[in-house]
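# Structural description and commentary
Chain by chain, the residues:
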Amino acid sequence: MSNLDLEHRKNSRAISELPKGEFETHRGEFAVLVAGSVSSYHKTNREAILAARSNYVLGQFSVQRIEPQPVDVGFIDRADYPR
Amino acid sequence: MPIIRGKYYERRQPLVKVRLSNAIPHYVGEELSIGPAAEIACDVWALVDTGATHSVIDRQIQVELMLLQQGSKPVLFPNMGTIEFHPTYTCGLHFFDHYSDGAKVHEWKDWLEVLSFDLTERTFKAVIGMDVLQAAKLSVDQGLPIIEF
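Calculation notes
Within any chain, residue numbers begin from 1 and follow the written order of that chain's sequence. As a convention, the first chain written is A and the first ligand written is 1, with the rest following in written order. It should be noted that, the model being predicted, local features are given only for residues of pLDDT at least 70 and side-chain atom pairs only at 80 or more, the latter also being counted only at that level, while totals for whole chains, interfaces and linings use all residues. Side-chain metrics rest on all non-hydrogen atoms present in the structure, leaving aside hydrogens and water. Labels follow the DSSP assignment, with helices taken as runs of H or I lasting at least four residues and strands as runs of E lasting at least two, numbered in each case from the N terminus. Exposure categories follow from relative accessible area, calculated using a 1.4 Å probe and restricted to protein chains: below 20% of the type maximum is buried, above 50% is exposed, and the middle band is partly exposed. Any pair of residues with heavy atoms lying within 4.5 Å of one another is described as a contacting pair. Using a 1.4 Å probe, the Shrake-Rupley method yields the accessible areas, and only the shown protein chains count as cover for residues. Strands pair, by our definition, only if DSSP identifies at least two bridges between them. A fitted line through C-alpha atoms represents every axis, and for helices the fit uses only the stretch in contact; the resulting angles, taken between N-to-C directions, go from 0 to 180 degrees. When two components associate, each loses some accessible surface as probed by a 1.4 Å sphere; the sum of these losses over both components is called the buried area. By definition, a salt bridge exists where a carboxyl oxygen of Asp or Glu is found within 4 Å of a side-chain nitrogen of Lys or Arg. Confidence per residue, as judged by the predictor, is encoded in pLDDT with a range of 0 to 100. Only Phe, Tyr and Trp rings take part, Trp by its six-membered ring, and two of them pair if their centres are within 6.5 Å. Stacked means planes under 30 degrees apart, edge-to-face means over 60, and tilted covers everything else.

The next point concerns the overall build of chain B. The number of helices and strands found in chain B is two helices and 14 strands. By the burial criterion, 48% of the 149 residues in chain B qualify as buried. Taking the contacts inside chain B whose residues are at least 6 apart along the sequence as the reference set, 65% of them involve residues at least 24 apart. Entry remark: accessible area of chain B is about 7,100 Å², with carbon and sulfur atoms responsible for 52%.

Following this line, the structure appears as structure tokens:
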């Protein structure tokens, strides 16, 4: 596993560790995450990526939607994933 | 309100035509560029799946579009009883009407956050999940599958 992937996973875990009130306030929005914590919230993925890329070097940040985790990929799993 | 008409896969699974692209900002030297100079796109059938919380694209398409990893999400596989982390990416999404000579009928309002899986040998190369469908009216119970945004 690469350092980049480890960093993304650390950032992802930060979403599941958000206080309930903060999670519900920002549910459906997109977070810029750096070093395992939320840097900023944005209404759209576009806004989040543009903000992240103007403030951080590529690879130093993650951008993720605030949503319940884990996600369910539906039909793919019920059909025949993984091959 | 654009209406997107699709078709059925094996009479049960609704499919719609979509264009996936890398039309998001990328760096050209030190400058952030949103121009179409390096735009890559591909037209594929996408499964409309109300059971999926998140949209998915084929891993091969992610490679062809040269999408950069944006994050990582835990994914539940109920049949296997496991949760695994999978990388997320961002791509552009356009919908096409299957019956209107390939005219683009709807551009998804935001850059789409997607997971990437191996969909080799599938009729569909993308899955449109509830992250997109929650903004739409979906009708699949008679005639053609229709999505109305």
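All right, on to the overall build of chain A then. Each helix and strand counted, chain A has four helices and four strands in total. Overall, chain A shows an N-to-C arrangement of helices and strands of α-α-β-β-α-β-β-α. A separation threshold of at least 6 residues defines the contact pool for chain A, and within that pool the share at least 24 residues apart is 55%. Of the roughly 4,200 Å² of accessible surface on chain A, 50% is carried by carbon and sulfur atoms.

In this model, A:Gln69 is joined to A:Pro70 through a cis peptide bond whose omega is 0°. In this structure, A:Pro70 sits in the loop between strand 3 (61–65) and strand 4 (71–72). Phi angles above zero are rare outside glycine, and B:Glu121 is one such case at about 70°. Here B:Glu121 shows up in the loop between strand 11 (112–117) and strand 12 (126–128).

Residue and element names in this part refer to chain B. In spatial order, the strands read 1-14-13; together these three strands make up an open sheet with antiparallel pairing. This sheet does not close on itself; its edge strands, each paired only once, are strand 1 (3–5) and strand 13 (137–139). With strand direction ignored, the average angle separating the axes of adjacent strands in the sheet is 15°.

With that settled, consider the interface of chain B and chain A. The accessible area lost on association of the parts is a frequent measure of interface size. Tallying the contact residues gives 45 residues for chain B and 33 residues for chain A. The contact between chain B and chain A buries some 3,700 Å² in all, and 55% of this surface belongs to carbon and sulfur atoms. It is B:Phe85, B:Trp111 and B:Arg122 that lose the most area in chain B upon contact with chain A, and together they represent 16% of the buried surface on that side. Counting the contacts that link chain B with chain A gives one salt bridge. The partner of B:Lys73 in a salt bridge is A:Glu67, and the shortest N-O contact between them spans 2.7 Å.

Here A:Leu4 shows up in helix 1 (residues 3–16). By relative accessible area, which is 35% here, A:Leu4 ends up partly exposed.

It is worth spelling out the confidence of the model for chain A at this point. Chain-level pLDDT for chain A is 87 on average; 89% of the residues reach the 70-or-more range. Confidence over residues 79–83 of chain A falls short of pLDDT 50; this stretch has eleven contacts with residues more than four positions distant or in other chains.

Residues and elements named next belong to chain B. Counting across every chain of the model gives two aromatic pairs over all chains. Ring centres of Phe95 and Phe149 lie 5.1 Å apart, and the angle between their planes is 45°; on these two criteria the pair is classed as tilted. In this pair, Phe95 is assigned in strand 9 (residues 82–96) and Phe149 in the segment after strand 14 (146–148), connecting sequence segments 54 residues apart. Residue classification places Phe95 among the buried residues on the basis of a relative accessible area of 0%. When its relative accessible area of 11% is taken as the criterion, Phe149 is described as buried. In this structure an aromatic cluster arises from ring pairing among Phe95, Trp108 and Phe149.

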